Amino acid sequence: VEVKIEVVIPEKERSKEEMSPNGKASPLIYKVNGTARHYHLEEHPIASNPYHNPKDVVEASVCHVKDLENGQMREVDLGCGKALLIKDSGEFYAMGHKCPHYGAPLVKGVLSKGRVRCPWHGACFNISTGDIEDFPGLDSLPRFQVKIEKEKVYIRASKQALQTQRRTKMMAKCISLSNYNLSSTNVLIIGAGAAGLVCAETLRQEGFSDRIVMCTMDRHLPYDRPKLSKSMDSHPEQIALRPKEFFCTYDIEVLTEMQVAAVDIKNKTAVFKDGFKMEYNKLLIATGNTPKALSCKGKEVENVFNIRTPEDANRVVKLATSKNVVVVGASFLGMEVAAYLTERAHSVSVVELEEVPFKKFFGERVGRAVMKMFESHRVKFYMQTEVLELREQEGKLKEVVLKSGKILRADVCVVGIGAVPATGFLKQSGINIDSKGFIVVNKMMQTNIPGVFAAGDAVTFPLALRNNKKVNVPHWQMAHMHGRIAALNMLAHGMEISTVPYLWTAVFGKSIRYAGHGEGFDDVVIQGDLDELKFVAFYTKSDEVVAVASMNYDPIVSKVAEVLAAGRTIRKRDVETFLTVLLVFVSARTGDMSWLTGKGS
C-alpha cells in the first residue's frame, strides 16, 4: 500500500474563506465591547483546489501502509522536499517535517494526544491542522492530506509548501485605520518582545479588526532576544521575528523608542515620557525586565556592558576580539556570553558568588559538570567572590579587582547578575505589584484592574504544574504563551494557562534542555554519565518530580514535558523505571537501539 499526500487547508480555516459574489473575502462579524464590527480576512483563493499552478505540484510514492504502526512517525522524501508522515489511532496525517522555530527534525520529537512536540525547544503542533499549540516560534506547519488508494500511498504536495516548511495562520486586517484618532487605540501593548508580539498576532488570528498599537523602548521591531547571548554578532535584521512588511500587512502599529512613564487606569490612558498620551480600551503590559548593574567602585568606566540590545552584543564582540574579557555572573546569559567569546577573546574569566555555575537551577553535580566543560575551553572561574572595584586607564576598563584580592586584567566586562522587573512606572497606578516588583496576574493573565493584562518576565502567575503556586518564569517559551492567553481573554474566551515551562541553553555546540519548574527542589536523581555530558537529571521535591534537564538525550525532556502536561505525576522512586520505558520508547520510534546501551547520540 502506498500513501498519497495532498496539501489542503484545514477545515477550520477553510470555513473562514467563504467568498462573496465580487470574489473578495466576505466580511465577517466580530463583536468588540458588544458592538458589531466587520473585518476582512487576508484574501486567499478558494480552497477547493489548492493547486493553482500544476508545475508547483509534486507526487511521489511513500511507503506501504503497514510500514507504520500506530504512534509512529517517518520523514518521507518527495524529491523536492520532505514531509512528516504520522500514523495515530489508525489514521494517517502528514505535515511539514521541520519545526519553524529553529528547524529541528520533528520526526525525532514526541507524538502524544494528537500533537507533535519539538525535540529541541518544546514547541507543539496539532497533527490534524498543523497549528502551533505551544511555543516557542510564531508559525504553524503546512498540513498535507493523506490518501490511500488501492493499497497504494501517494504524496501530492505543493513544492512551495515543502520548501518553506512553515505556514502563517490567516489573520484579520484593521478596518478604516485612517479614521482612527492617533491618540486612541482599542488595544495598547507596552513592550514588543515575544509576549507582546504573540498577543498582537493572536488577536488578528482570532478575527480582531480594531486598532492595535505596540510600543517599545527599543529602536528595533521585535527580535529573537535569546540570540543576543547565543549568537552575539547577529544584526537586528537577521534576528527579526517578523519583517517590517508583516506589520504593515496586518495593521499592527509599532512605536519604537517610546517609553511609557505612567498608566492612568481611571481614564484608561498611557502617558509617555515625552508627554504624549494614548487612550486604550484593553491594555497588555509586557515590559520584561531590566538587567542589574554593578554597584561597586568604578562602575561608570567604559567597556562595561549589560547585554540588552543587538548593538550591545555587537559592540562586545568587536571589543573582545583578541582582548581580555571578564564576565560577572554565571547566569544563563553570562555563561552563554563566555562560551561565545572563547574563540574570539584572548582570555575569558567568569566571576560568580556561588560555588558552581547554575547551582540553584541545575544543582551542584550538573553545575560542576558544566563548569568542567567550560574549563576545557580555557574559561577561568573565580568562584565564591564578587567584584570590589573596576579600575580604568584613560577612562577605559583596565582591571577587575575581586573581594578575594585577585586582580584580573580586563578590556571588556559583561555583567550578567540577574534582572529586576521593569515595572517602576506602575507604582502609583493601582495595578497590583508584589514586594519584588512583579505584576500579579491570574490564570487568564488578568491583573486586578478590569481590561488590564500582563505577560512575560515581569509577572507572577499561578503555575498549574506546581498546584497553582504563584511563580515568575522568565523564559522565552513562557512569554509566548502568556501573550496568547492574554489575547484570547481580551476576546473573552475564558482561557486559562496550563503550559509546562520549557527552556534551553546552548554552549560549545551542546544544548541543555529543561522542562518543569524546579524551584525549591530537594534532590536530584541523575541517570547517565555526567563526565561524558550525556545524562538526564530529574529534580524532585518530596517524592515528586518537578523538573527534568538533559544533555544528549533528546527527546527525553520533551517526553517528560508531555507527561507533565497531561497532569500525570512522576514519583521519585519510579524514575529509573520511567527512564527505561522512555529509552525503549525512543529506540522503538527511531530504530536506534544504541539508546539501550547508553551509546546513542
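Basis of the calculations
- Residues numbered from 1 in each chain as written.
- Predicted model: local features only at pLDDT ≥ 70, side-chain atom pairs only at ≥ 80, totals over all residues.
- Heavy atoms only, no water.
- Phe/Tyr/Trp six-rings, centres within 6.5 Å; stacked < 30°, edge-to-face > 60°.
- Helix = DSSP H or I, 4+ residues; strand = E, 2+ residues; numbered from the N terminus.
- Buried < 20%, exposed > 50% of the residue type's maximum accessible area, 1.4 Å probe, protein only.
- Lys NZ or Arg CZ within 6 Å of the ring centre and 35° of its normal.
- Polar contact = N/O pair within 3.5 Å; in protein donor to acceptor, adjacent residues only side chain to side chain.
- Contact = heavy atoms within 4.5 Å.
- Pairing = 2+ DSSP bridges.

(A) Layout of the packing of aromatic side chains. In this structure the tally under the stated criterion is 16 aromatic pairs. Plain terms: the ring middles of Tyr102 and Trp504 are 6.4 Å apart, the flat faces sit at 85 degrees to each other, and that makes the pair edge-to-face. One end of the pair, Tyr102, is in the loop between strand S7 (91–96) and strand S8 (110–112); the other, Trp504, is in strand S34 (residues 502–507), and 402 residues separate them in sequence. Residue Trp504 is classed as buried on the basis of its relative accessible area of 8%. Taking the centre distance of 6.1 Å and the plane angle of 50 degrees together, the rings of Tyr514 and Tyr539 count as tilted. Here the residue Tyr514 occupies a position in strand S35 (residues 510–516), and Tyr539 occupies one in strand S37 (residues 534–541), the gap between them amounting to 25 residues. Accessibility assignment for this pair places Tyr514 and Tyr539 in one class, buried. Each member of the aromatic cluster is reached from another via a ring pair, and the members are Phe332, Phe358, Phe361, Phe362, Tyr514, Phe521 and Tyr539. Cation over ring: Lys534 sits above Tyr553, and NZ or CZ is 4.0 Å from the ring centre.

(B) Main features of the side chain of Thr287. Along the polypeptide, Thr287 turns up in the loop between strand S19 (277–285) and strand S20 (289–291). Separated by 2.9 Å, the side chain of Thr287 and the backbone oxygen of Ala422 make a polar contact. In this structure, Thr287 is in contact with Ile190, Arg308, Ala422, Thr423, Phe425 and Ala458, ignoring residues within four places of it in sequence.

(C) Inspection of helix H7 (residues 332–341) at higher detail. Counting buried positions over the ten residues of H7 gives eight, a clear majority of the element. Residues of H7 that are buried include every one of Gly334, Met335, Glu336, Val337, Ala338, Ala339, Tyr340 and Leu341, and no others.

(D) Quick peek at the sheet that holds strand S21 (residues 304–305). Here we have five strands laid out as an open sheet, ordered S21-S28-S22-S23-S24, and parallel in their pairing. Both outer strands of the open sheet, S21 and strand S24 (379–383), are each paired with one neighbouring strand and no more. Of the pairings in the sheet, the one linking S21 to strand S28 (residues 412–415) comprises two bridges and is parallel in character. The residue bridging Val304 from the neighbouring strand is Cys413, located in S28.

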